[in-house]
There are 2 protein chains.
Amino acid sequence: MNNNYELYKVFYWAATTGSLTQAAKALYLTQPSVSHAIKQLEESFGITLFYRNSKGVTLTREGEALYSYIGQSQNFITLAEEKMAALKNLDNGELRIGGSDSLFKHYLLPYLEDFHQKYPGIRLQLNHGTTPEIITFLKEGKIDFGVVRMPIVDPLLDVKESLQLQDCFVAGSNYADLKGTVLSLDRLLQHPVILFSRNSRARMTITELFQSYGLQLKPAIEVGSVDLLIEFARKGLGISYVAREFVTKELDEGSLFEIQLDVPLPPSQVGIMIMRNMPLSVSASKFMELARHTDMR
Amino acid sequence: MNNNYELYKVFYWAATTGSLTQAAKALYLTQPSVSHAIKQLEESFGITLFYRNSKGVTLTREGEALYSYIGQSQNFITLAEEKMAALKNLDNGELRIGGSDSLFKHYLLPYLEDFHQKYPGIRLQLNHGTTPEIITFLKEGKIDFGVVRMPIVDPLLDVKESLQLQDCFVAGSNYADLKGTVLSLDRLLQHPVILFSRNSRARMTITELFQSYGLQLKPAIEVGSVDLLIEFARKGLGISYVAREFVTKELDEGSLFEIQLDVPLPPSQVGIMIMRNMPLSVSASKFMELARHTDMR
DNA sequence: CAGGGGATATAGAACGCATCTATGAACAAT
DNA sequence: ATTGTTCATAGATGCGTTCTATATCCCCTG
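Residues numbered from 1 in each chain as written. Chains lettered and ligands numbered in written order. Predicted model: local features only at pLDDT ≥ 70, side-chain atom pairs only at ≥ 80, totals over all residues. Heavy atoms only, no water.

In the nomenclature of an unreviewed UniProt entry, chain A corresponds to LysR family transcriptional regulator from the organism Paenibacillus cremeus. Looking at the Sequence similarities (unreviewed entry) heading of the UniProt record, one finds this comment for chain A: "Belongs to the LysR transcriptional regulatory family." (UniProt positions renumbered as here; feature names shortened; annotations may be inferred.)

Caption draft 1: Up close: the overall build of chain A. Helices and strands together make up the secondary structure of chain A, namely eleven helices and 13 strands. Taking 2.2 N^0.38 as the reference for a compact globule, 297 residues should give roughly 19 Å; the C-alpha atoms of chain A span a radius of gyration of 32 Å, well beyond that estimate. In terms of principal-axis extent, the alpha carbons of chain A reach across some 100 × 35 × 25 Å. For chain A, with 297 residues in total, the buried portion stands at 47%. Here the analysis covers contacts within chain A between residues at least 6 apart in sequence; of these, 73% occur between residues at least 24 apart. (Helix = DSSP H or I, 4+ residues; strand = E, 2+ residues; numbered from the N terminus. Rg over C-alpha atoms; globule rule 2.2 N^0.38 Å. Buried < 20%, exposed > 50% of the residue type's maximum accessible area, 1.4 Å probe, protein only. Contact = heavy atoms within 4.5 Å.)

Caption draft 2: View of the protein's contact with DNA strand D. Residues in contact with DNA strand D amount to 21 residues; listed here are only the nearest, Leu20(B), Thr21(B), Ser35(B), Lys39(B) and Arg52(B). If you look at DNA strand D and keep only atoms within 4 Å of the protein, 77% of those are sugar or phosphate atoms. Contact distances for DNA strand D include 2.7 Å between a phosphate oxygen and a side-chain N or O atom of Thr30(A). Looking at the surface near DNA strand D, the elements with two or more residues in it are α3 (31-45) of chain A together with α2 (20-26), α3 (31-45) and β2 (56-59) of chain B. Considered class by class, the residues forming the surface near DNA strand D number six nonpolar, twelve polar and three charged. (Near = heavy atom within 4 Å. Polar contact = N/O pair within 3.5 Å; in protein donor to acceptor, adjacent residues only side chain to side chain. Nonpolar A, V, L, I, M, F, W, Y, C, P; charged D, E, K, R; others polar.)

Caption draft 3: Region of the structure containing the relation of the copies chain B and chain A. Screw-axis analysis of chain B against chain A gives a translation of 0.0 Å along the axis, an RMSD of 0.3 Å, and a rotation angle of 180 degrees. Classification of the inter-copy transformation places it as that of a two-fold axis. Nearest to the rotation axis, the C-alpha of Ser73(B) is located 2.1 Å from it, this being the minimum over chain B. A share of 100% of interface residues in chain B that are also interface residues in chain A marks the association as one of identical surfaces. (Least-squares fit on C-alpha atoms with pLDDT ≥ 70 in both.)

Caption draft 4: Molecular detail of the UniProt feature "domain: HTH lysR-type" (unreviewed entry) in chain A. Following the UniProt record, one finds the feature "domain: HTH lysR-type" (unreviewed entry) at residues 9-60 of chain A. As annotated, residues 9-60 of chain A has a helix share of 62% and a strand share of 15%, and its two end C-alpha atoms lie 18 Å apart.

Caption draft 5: Quick look at the interface of chain B and chain A. Listed by partner, the interface residues are 43 residues for chain B and 43 residues for chain A. Interface area lost by chain B to chain A is led by Tyr5(B), Arg61(B) and Met84(B), which between them contribute 18%. Taken together, the links from chain B to chain A amount to four salt bridges. One salt bridge in this structure joins Asp144(A) and Arg61(B), with 2.8 Å as the shortest N-O distance. Looking at the side of chain B that touches chain A, the elements that each hand over two or more residues are α1 (6-17), β1 (50-53), α4 (61-88), β3 (94-99) and α11 (282-293) of chain B. The element contributing the most residues to the side of chain B that touches chain A is α4(B), with 18 residues. (Buried area = accessible area lost by both parts, 1.4 Å probe. Salt bridge = Lys/Arg side-chain N within 4 Å of Asp/Glu carboxyl O.)

Caption draft 6: Region of the structure containing the pattern of salt bridges. Taken as a whole and judged by the stated rule, the model has 24 salt bridges over all chains. One salt bridge connects Arg61(A) with Glu94(B), and the closest N-O pair in it is separated by 3.9 Å. In this pair, Arg61(A) sits in helix α4 (residues 61-88) while Glu94(B) sits in strand β3, so the two residues belong to two different chains. Its relative accessible area of 29% is what places Arg61(A) among the partly exposed residues. Exposure remark for Glu94(B): the relative accessible area of 16% places this residue in the buried category. As a salt-bridge pair, Glu231(B) and Lys235(B) come within 3.5 Å of each other at their nearest N and O atoms. Accessibility expressed as a relative area gives 31% for Glu231(B), which makes it partly exposed. When its relative accessible area of 60% is taken as the criterion, Lys235(B) is described as exposed. Salt bridges sharing common partners tie together Arg61(A), Glu94(B), Arg96(B), Arg123(B) and Asp144(B).

Caption draft 7: Just the domain arrangement of chain A, in detail. Its domain assignment divides chain A into domain 1 (6-88), domain 2 (98-160 + 271-293) and domain 3 (164-269). Of note, the centres of domain 1 of chain A and domain 2 of chain A, computed from C-alpha atoms alone, are 45 Å apart. (Domains from an automatic or database assignment.)

Caption draft 8: The arrangement of the pairing of strand β5 (residues 145-149) of chain A in detail. Residue and element names in this part refer to chain A. Within β5, five of the five residues are buried, which leaves it mostly tucked inside the rest of the structure. Summarising the sheet, strand β3 (residues 94-99) and β5 pair through three bridges and their orientation is parallel. Among the inter-strand pairings, Gly-98 is bridged to a residue of β5, identified as Gly-146. The pairing of β5 with strand β13 (residues 267-275) spans four bridges and is antiparallel. Looking across to β13, one finds that Gly-146 is bridged to Met-273. (Pairing = 2+ DSSP bridges.)

Caption draft 9: Region of interest: the protein's contact with DNA strand C. Near DNA strand C you find 20 residues, and of these Leu20(A), Thr21(A), Ser35(A), Lys39(A) and Arg52(A) are the closest. Looking at DNA strand C alone, sugar and phosphate atoms form 72% of those within 4 Å of the protein. Among the secondary structure elements, those contributing two or more residues to the surface near DNA strand C are α2 (20-27) and α3 of chain A together with α3 of chain B. Looking at the surface near DNA strand C residue by residue, the class counts come to five nonpolar, twelve polar and three charged.

Caption draft 10: Region of interest: the environment of Asp144(A). Looking at where Asp144(A) falls in the secondary structure, it is placed in the loop between α6 (131-139) and β5. In this structure Asp144(A) comes out as buried when scored by relative accessible area, which is 10%. Spatially, the C-alpha atom of Asp144(A) lies 6.9 Å from that of Leu280(A), the residues being 136 residues apart in sequence. Those residues within four positions of Asp144(A) in sequence are excluded, and the remaining contacts are Glu94(A), Leu95(A), Arg96(A), Leu138(A), Ile274(A), Leu280(A), Ser281(A), Ser283(A), Ala284(A) and Arg61(B). In this structure the side chain of Asp144(A) is engaged in a polar contact, spanning 2.8 Å, whose partner is the side chain of Arg61(B).

Caption draft 11: Seen up close, the packing of helix α1 (residues 6-17) of chain A against α2(A). All names here are of chain A. Remark: α1 packs on α2, axes separated minimally by 8 Å, with the N-to-C direction vectors making an angle of 125 degrees. The angle between α1 and α2 falls in the class oblique. For the element pair α1 and α2, the recorded crossing hand is right-handed. Packed against α1, whose contacting residues are Lys-9, Val-10, Trp-13, Ala-14 and Thr-17, the element α2 presents Leu-20, Gln-22, Ala-23, Ala-26 and Leu-27 at the interface. Tallied by class, residues from the contact of α1 with α2 come to seven nonpolar, two polar and one charged. (Axes fitted to C-alpha atoms, helices over the stretch in contact; angles between N-to-C directions. Parallel < 35°, antiparallel > 145°, perpendicular 65-115°, else oblique. Left-handed = near helix turned anticlockwise from the far one by under 90°.)

Caption draft 12: Here's a closer look at the side chain of Gln166(B). On the secondary structure map, Gln166(B) appears in strand β6 (residues 157-171). With residues up to four places along the chain from it excluded, the contact list for Gln166(B) reads Val242(B), Ala243(B), Arg244(B), Glu245(B), Leu265(B), Pro266(B) and Pro267(B).

Structural data, given as structure tokens:
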């Protein structure tokens, strides 16, 4: 029984329409092809499946038996093809992203809004965590891609540079006397500094920078979210180290101002990381595409 | 989406085995063929179905979705093919025959026993009735074939001659004085005659024969079964008109004897009738075959 | 009863496509 | 490094599906 399953499709339509000619039309074939296909099937089983008469065809008892199974089979195939079409058109499915809350809020949010509006059927799942956690999520297949600060070095991952961020020190109105002045790093250290928690990439980078100048950067306050960095600086609790792109609003309205330094601060790359050699899910690649073609801000 | 369903079979095996190479073996194909088939499927959907790595392949999320449907579909196809094989091997199904009780008992019984022993899975359904009823059953599709006395003239039916019967007159021991003598038809009429009921083919035939000699055959007793014909004759109630083949036992043991006539009685053909141009069910054609190849008695 | 119009079956040709072999490339393991 | 997996790619080949053309059968109608 080494049948071509294609024959079942022909059989199904012949049985459903009760006519080889109709089946041929439905399948965009000619009538002799259908006739031949049915004959092949009958010969392979050694069983006659149809009564032929001048009005068309009707199933024999054995044909009925076959139809009861093949009909089910066809139903599932139809469902499968509908599902695939839905997946391709993103009528359903889900998009799972890993990243830090700050990147979600200040970087991905507009894209996410955009995406959700375009494909409301897609469930969005945002997994926040530290960079190592995100990497683990990725390797476990729990997220489609991760958005983290560069650099990332992992042979299993592909990282694509995305947004470039420029971290800077900002302060609130109570430090207004520093406005317009250019500080050196050691002068800066005379003020209380508010940093992100220890295991963040930005925190590590800036600490290393100070160390390269022989200085030790010890935060007066350590917080776990970008929002708190901003809030504390506005309340005058200290000088926050934060991506400039995340505080554009505050800088514009004047509730925060950037402190000029006599040394350049290194820019920081945001990278999008995916599993190397793993194809993206449809929803993920659609999201990427959308993000690439959208002019942010 | 004009897919060749054959691709689903390949997909199913690739997903099930988690290896294109294994799938190729299962399908008696080469690995490149499988690779190509999967690629075709992926391109037709515009969706990546598998993660490829050096150990084999695993389904993507979209592939899982497809598999959940296609798996069901394949299950039904497998069941269908098993069912067809079972039907062909007559592991199940039914055989429905129409005929008279006498033919069932005296003609078909040995074949039926034989058939049942050979294919115990087949349900036997015997529908008895008069010849016109049998024809109706046949046209309504309620029986696979009918066994009746010839001739049958119906453009929708095909009739194949089967057993030839020789009707004759038999009497019991109280008519022993007739043994060895040769009677003429009118002499016969001086004795009570037992005939089958009016609507039987045998009754019609013999009545016509008498008419052709200008004689009128009126039964003293009219019965509805061959068994009663035999029984009444044995009990001495009259002379029964019955197929010689149905009373071989009684003739042999001497409880009945055949009355010799001076004119030949016409033989009577038993015919097997089927719907013209309708293929026989598998069980029916197997039965026919068996009956043809079996030497009765 | 002839003829038209519907159905399926058959024959033979042709082309497309599935499949093959051969090879490449990536990766894991020893 | 080497060997043995895996899957991917390229190109050739030949089988088998599909086609056109035609036959056949049956029903219906004028």
